[in-house]
Amino acid sequence: MPIVHFHVCQTEASEERCRLLVESACQIYARILDAPIERVRAFITVHKPYEMALLGRSLHTGDSGAPFFEAYVLRGRTPAQRQELMMSFTEILSEILSIDKSVVRGRCVQVDPEDWCIAGYPAADIRKDEIEARQKAIS
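Residues numbered from 1 in each chain as written. Predicted model: local features only at pLDDT ≥ 70, side-chain atom pairs only at ≥ 80, totals over all residues. Heavy atoms only, no water.

A. Main features of the overall build of the protein chain. Looking only at helices and strands, the protein chain features 4 helices and 8 strands. Counted from the first residue to the last, the protein chain has its helices and strands arranged as β-α-β-β-β-β-α-β-β-β-α-α. Across its three principal axes, the protein chain shows a C-alpha extent of roughly 50 × 30 × 30 Å. Residues classed as buried in the protein chain amount to 42% of the 139 residues present. Contacts spanning at least 24 positions in sequence make up 72% of the contacts within the protein chain whose residues lie at least 6 apart. Counting every atom, the protein chain has about 7,900 Å² of accessible surface; 52% of that belongs to carbon and sulfur. With 17 positive and 20 negative side-chain charges, the protein chain shows a separation of 2 Å between the mean positions of the two kinds. (Helix = DSSP H or I, 4+ residues; strand = E, 2+ residues; numbered from the N terminus. Buried < 20%, exposed > 50% of the residue type's maximum accessible area, 1.4 Å probe, protein only. Contact = heavy atoms within 4.5 Å. Areas by Shrake-Rupley, 256 points an atom, 1.4 Å probe, with all protein chains shown as cover. Lys, Arg positive; Asp, Glu negative; His and termini not counted. Charge placed at Lys NZ, Arg CZ, Asp CG, Glu CD.)

What follows is the structure in structure tokens.
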């Protein structure tokens, strides 16, 4: 289930940087959530400078961007795990894109297992044992 979607400016999105970003994000998810790497997904949408705004104005060619990310997890992950994900994604964006952390924004979205599907079936059914084990561990 773990999925992260990055939105970055074209001026910072070389092929190498994008590759590093998605590969690093997958490793972060696998480590923090103790999730099998084959379940992790990472995506990047690259925006032209004029499609993004920072400080109330659209960016111009050559301006530094304002990256944003959305990280999705099944409900039941601890606040500490969610916070570590957000901090780690902020850090890799800052490092890989060579930007200041202060311009990075993001959020962690919790999804109810019955509202997420795997191969068309609710995660509540497919991952029932894992979900129950997580709930017992935090109780």
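B. Representation of the pairing of strand β6 (residues 105–111) in the model. Bridge count for strand β5 (residues 68–74) against β6 is 7 bridges, and the pairing is parallel. For Leu74, the partnering residue across the bridge sits in β6 and is Val111. (Pairing = 2+ DSSP bridges.)

C. Here's a closer look at the pairing of β5. With respect to burial, β5 is a largely interior element, 5 of its 7 residues being buried. For the segment spanning β5, helix α2 (residues 79–97) and β6, crossover handedness is right-handed. (Right-handed = clockwise from strand over helix to strand, strands pointing away.)

D. Quick peek at the side chain of Arg82. Here Arg82 lies in helix α2. No salt bridge is formed by the buried Arg82; its nearest oppositely charged neighbour, Asp112, is found at 11 Å. Not counting residues within four places of it along the chain, the set of residues in contact with Arg82 comprises Val73, Arg77, Cys108 and Gln110. (Salt bridge = Lys/Arg side-chain N within 4 Å of Asp/Glu carboxyl O.)

E. Broad picture of helix α1 (residues 15–33). Helix length check: α1 (19 residues) gives 27 Å between terminal C-alpha atoms against 27 Å at 1.5 Å per residue, within 8%. For α1, the complete set of buried residues consists of Cys18, Leu21, Ala25, Cys26, Ile28, Tyr29, Ala30, Ile32 and Leu33. Each element contacted by the buried residues of α1 is listed here: β1 (3–9), β2 (41–47), β5 and α2. With its phi angle positive at about 50 degrees, Asp34 sits one or two positions after the end of α1. (Expected span 1.5 Å × (residues − 1).)

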